[in-house]
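Chain by chain, the residues run as shown.
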Amino acid sequence: MTTTTPGPSALRGAVGTARTRIEGREKVTGAARYAGEIPFADLAHGWLVLSTVTRGRILDVETAPVLAMPGVLTVLHHGNAPRLNTDYVGMLGTPPDPTCAVFQNDRVPFAGWPVALVVAETPEEAREAAEALVVTYDSEPHDTALHAEHPGAYPAAGHMPAETEKGDLEAQLAASAFVVDAEYTTPEEQHSMMEPHAATARWEGGRLEVVDSNQGAGWVQGELATMFSLDASSVRVRSEHIGGGFGSKGLRAHQVSAVMAATALQRPVRVVLTRRQTFSLGGYRSPTTQRVRLGAAPDGRLLALEHRSLNQTSTVYEFVEPSAGVARVLYDADAHRTANHVVRLDVPSPTWMRAPGEAPGSFAIEAALDELAERGGIDPIELRLRNEPDVGPVSGLPFAGNNLAACFREGARRFGWADRDPRPGIRREGRWLLGTGTAAASFGAGAAPSTALVTAEADGSFTVRIAAADIGTGARTALTLIAADALETAPEQVRVRIGDSDFGPAMIAGGSMGTRSWAWAVTAAAAELRERLAVTPSIPAEGITVRSDTTEALGALTRKERHSFGAQFAEVAVDTGTGEIRVRRMLGVFAAGRIVNPLTARNQLVGGMTWGISMALHEEAIRDRNTGGHYAPDLAGYHVATHADTPAIEVDWVDDHDPDDPVGIKGVGEIGIVGAAAAVANAVWHATGVRHRNLPIRPDRVLAATGPGPAGGAVDA
């Protein structure tokens, strides 16, 4: 049914108060069980075998010796696996990545492609047998190198138009008083969540049940039902606790192979990816090559803006890292051109990663803006404020609130920006050169149709059921506060159950849309339940359940540019003798809608900014062009920021309720990383006078630079 929703003024005071996580005690005591820990009777264990060649065909899988090994139950491969339905469009509007549709043919499109699943009584037996399995290949030449001039590049849309253009770019560049024309690159990045991917599949009473670690139980349920040609009602997916996702935990090879094995053996089968396997099968952020051209009038007003981005994708699946999209929101110009291009290489398929597009795109556009400010002799913040658009630069739509200027003004005051000497390479503290930098941030604030169930219990409490996913963001706690206000009761009187596809369709935990989408459904159901209880107060409330569906309400929303915004600030110290860079302090001020729980919201924003430091200085997955595989695909070889790399990070926000949302929410999950790497990179330039346009800014790149250029200069490094 379709229900009405209350406005923010109708809600009580739980929303906006700092609350510790409802499941926090369970997590720190080990009572919370993750997908790879839940016990099942008669459980068998599967171990994926991945290709050792980068491109070619499978000639033979020698199963007989392995099947004779202790404990081995079966070996699934392209010669005996069931055929899957892959001719469909999934929940996210795309067909499934063939990497998920395992064992369907003899082709190998990249190193680490799943070629077999060995199932045994114990994980140890499965691993030993998997490592003993001999697979013979016919290897073919491969191409894994992304570069700006790759002849195979083509425009690709993804979830936004591939290219946008207005005005005469070349004419406006020629008319500009100062111009920036530079190329920026970002490397391949891995999700590296704490909990690897794991799934257990079993058949129970004619129904398929999958216990998984995912970002949307309904999402995985729908994909599995379609792929295996099952009725959706005969598939149940549960995912109670998730140890991080960041875009990686959708449908993957391990769930599909577990279902195949459970079907073949008619007993529960668990498949867990190793850390090394996630580098091939968990998705990743594609490396990007981005060209930015900016031209400005003497007063800093942008006359020309071009942002072109190129990313790699696999030969079997097209994924776009839409890095040029951020320029379509933040800045306007008389001539405005953006383009997202891809090139198909013999590499695994990239996927969504925290702030897909915005994270690498903001590095390029915000570094270029910093260069433009330096060339024009304009303060970097002032340059951004002078180019703040009144409407969407590409869409022409009005903004549903744009408080970027408030973020910059408050951030500049708290960071002490007014005391900054704009000249680079001036501040020194012993062997350290000191610098400060800033950058803007923007991320979309969307909502997707969702359903929720709210039940009035006999003891006066309420139970909320929604197929939400808490991937570490504190979603359970946020929804409890939202439900309590909507039901006009205390949070202690509300129980929120999530992570079960049986609760009905709901948005995934992704795109900073989860809490906003789920809150809409919960407040709608709560409003109708209150109405029913008020109309029939003499009837016992026990067992009354209301189901909401926000499809119609969201469809009626007026089209607007809906975004969270932020201003990032960083101070760094650089030792040009060793190449060492230390981030001394960071500040982020955000306009991210109504903050439901300040404690967990701050946690999310600090986490995003920490990732921004990691992106700027550390993270880089390097692929061997000869083998097509990674060098050191683990957390020893893939460096991430640690406590020693992370300074005291300060986070705050300005008042920014969304008037079109029943709770006023926008979203905080991804805005924290946007602009953070650019702020660090801009601070490194201010400290040294050397412009680093290629991430990460490793010590060897600092040492390779020729030293500080002339004041106000910019040098590629």
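Check the entry above for the structure.
Computed from a prediction, not measured in an experiment: that's the story for all the values here.

### What to know about the overall build of the chain
A count of helices and strands for the chain gives 17 helices and 25 strands. Computed over C-alpha atoms, the radius of gyration of the chain comes to 26 Å, within 12% of the 27 Å expected from 2.2 N^0.38 for 717 residues, which places it in the range of a compact globule. A principal-axis box enclosing the C-alpha atoms of the chain has dimensions of 75 × 75 × 50 Å. Burial statistics for the chain: of 717 residues in total, 61% are counted as buried. Relative to all contacts within the chain whose residues are 6 or more apart in sequence, the contacts with residues 24 or more apart total 82%. About 25800 Å² of surface is accessible on the chain, with carbon and sulfur atoms providing 51% of the total.

### A few points about the packing of helix α12 (residues 475-487) against helix α13 (residues 514-535)
In contact at an axis separation of 9 Å, α12 and α13 are set at 30 degrees when each is read in the N-to-C sense. Comparing the axis directions of α12 and α13 gives the class roughly parallel. In this structure, the crossing between α12 and α13 has a hand that is right-handed. Facing α12, whose interface residues are Ala 475, Ala 478, Leu 479, Ile 482, Ala 483, Ala 486 and Leu 487, α13 presents Thr 515, Trp 518, Ala 519, Val 522, Thr 523, Ala 526, Leu 529 and Arg 530. Split into classes, the residues belonging to the contact of α12 with α13 amount to twelve nonpolar, two polar and one charged.

### Here's the deal with the packing of aromatic side chains
Tallying each qualifying case throughout the model produces nine aromatic pairs. Between Phe 279 and Tyr 638, the ring centres sit 5.9 Å apart and the planes meet at 85 degrees, which makes this aromatic pair edge-to-face. A residue pair is termed long-range when its members are at least 10 positions apart, and Phe 279 in helix α7 (residues 275-281) and Tyr 638 in the loop between α15 (598-617) and β25 (648-653) qualify at 359 residues. Of the residues examined, Phe 279 reaches a relative accessible area of 2% and is grouped as buried. Residue classification places Tyr 638 among the buried positions, given a relative accessible area of 1%. Within the aromatic cluster, the residues linked to one another by ring pairs are Phe 408, Phe 415, Trp 417 and Phe 569. Between Arg 585 and the ring centre of Phe 415, over which it is positioned, the NZ or CZ distance is 3.8 Å.

### A word on the pairing of strand β23 (residues 563-575)
Of all 13 residues in β23, 13 are buried, a share of seventy percent or more. With burial as the criterion, each face of β23 is covered, one bearing His 563, Phe 565, Ala 567, Phe 569, Glu 571, Ala 573 and Asp 575 and the other bearing Ser 564, Gly 566, Gln 568, Ala 570, Val 572 and Val 574. Bridge count between strand β18 (residues 432-444) and β23: twelve bridges; the pairing is antiparallel. Of the residues in β23, the one forming a bridge with Ala 439 is Gln 568. Across eleven bridges, the pairing between β23 and strand β24 (residues 580-591) is antiparallel. Its bridge partner lying in β24, Gly 566 is registered against Phe 590.

### Let's talk about unusual backbone geometry
Geometrically, the link from Leu 695 to Pro 696 is a cis peptide bond, its omega value of -5 degrees lying close to zero. Along the polypeptide, Pro 696 turns up in the loop between α16 (676-688) and α17 (699-704). Of note in this structure, Asp 42 is not a glycine but carries a positive phi near 60 degrees. Mapped onto the elements, Asp 42 comes out in the loop between α1 (24-29) and β1 (44-50). Phi angles above zero are rare outside glycine, and Ala 632 is one such case at about 45 degrees. Inspection of the secondary structure puts Ala 632 in the loop between α15 and β25.

### Examining the environment of Ala 41
Relative to the assigned elements, Ala 41 resides in the loop between α1 and β1. For Ala 41, a relative accessible area of 68% gives the class exposed. C-alpha of Ala 41 to C-alpha of Asp 421: the two residues are 380 residues apart in sequence and 67 Å apart in space.

### A closer look at the sheet that holds strand β19 (residues 451-456)
With mixed pairing, the four strands of this open sheet are ordered in space as β21-β20-β19-β22. Strands with a single pairing partner mark the edges of an open sheet, and in this sheet they are β21 (494-497) and β22 (544-549). Here the average twist between neighbouring strands, direction ignored, is 15 degrees. Looking at chain direction, β19 and β22 are connected through six bridges and run antiparallel. Following the sheet pairing, Leu 453 is matched in β22 by Arg 547.

### Remarks on helix α11 (residues 404-415)
Taking 1.5 Å per residue, twelve residues should reach 16 Å; α11 reaches 16 Å between its end C-alpha atoms and fits that length. Along α11, the residues classified as buried are Leu 404, Ala 405, Cys 407, Phe 408, Gly 411, Ala 412 and Phe 415. Down the axis of α11, the buried set is contained in an arc of 155 degrees. They therefore lie on one face. More than 90 degrees from the buried face of α11, the exposed residues found are Arg 409 and Arg 413. The elements touched by buried residues of α11 are α8 (327-330), α10 (380-386), β18, β23 and β24. Gly 416, located one to two residues past α11, shows a positive phi value of around 80 degrees.

### Notes on the sheet that holds strand β2 (residues 56-62)
Reading across from one edge, β4-β2-β6 is the order of the three strands in this open sheet, with antiparallel pairing throughout. Each end of this open sheet is capped by a strand with a single partner; those strands are β4 (107-108) and β6 (134-139). When β2 meets β4, the two strands line up antiparallel, connected through two bridges. When the sheet's bridge partners are listed, Gly 56 is paired in β4 with Val 108.

What counts and what doesn't
- Residues numbered from 1 in each chain as written.
- Predicted model: local features only at pLDDT ≥ 70, side-chain atom pairs only at ≥ 80, totals over all residues.
- Heavy atoms only, no water.
- Helix = DSSP H or I, 4+ residues; strand = E, 2+ residues; numbered from the N terminus.
- Rg over C-alpha atoms; globule rule 2.2 N^0.38 Å.
- Buried < 20%, exposed > 50% of the residue type's maximum accessible area, 1.4 Å probe, protein only.
- Contact = heavy atoms within 4.5 Å.
- Areas by Shrake-Rupley, 256 points an atom, 1.4 Å probe, with all protein chains shown as cover.
- Axes fitted to C-alpha atoms, helices over the stretch in contact; angles between N-to-C directions.
- Parallel < 35°, antiparallel > 145°, perpendicular 65-115°, else oblique.
- Left-handed = near helix turned anticlockwise from the far one by under 90°.
- Nonpolar A, V, L, I, M, F, W, Y, C, P; charged D, E, K, R; others polar.
- Phe/Tyr/Trp six-rings, centres within 6.5 Å; stacked < 30°, edge-to-face > 60°.
- Lys NZ or Arg CZ within 6 Å of the ring centre and 35° of its normal.
- Pairing = 2+ DSSP bridges.
- Expected span 1.5 Å × (residues − 1).
- Arc of directions from axis to C-beta.

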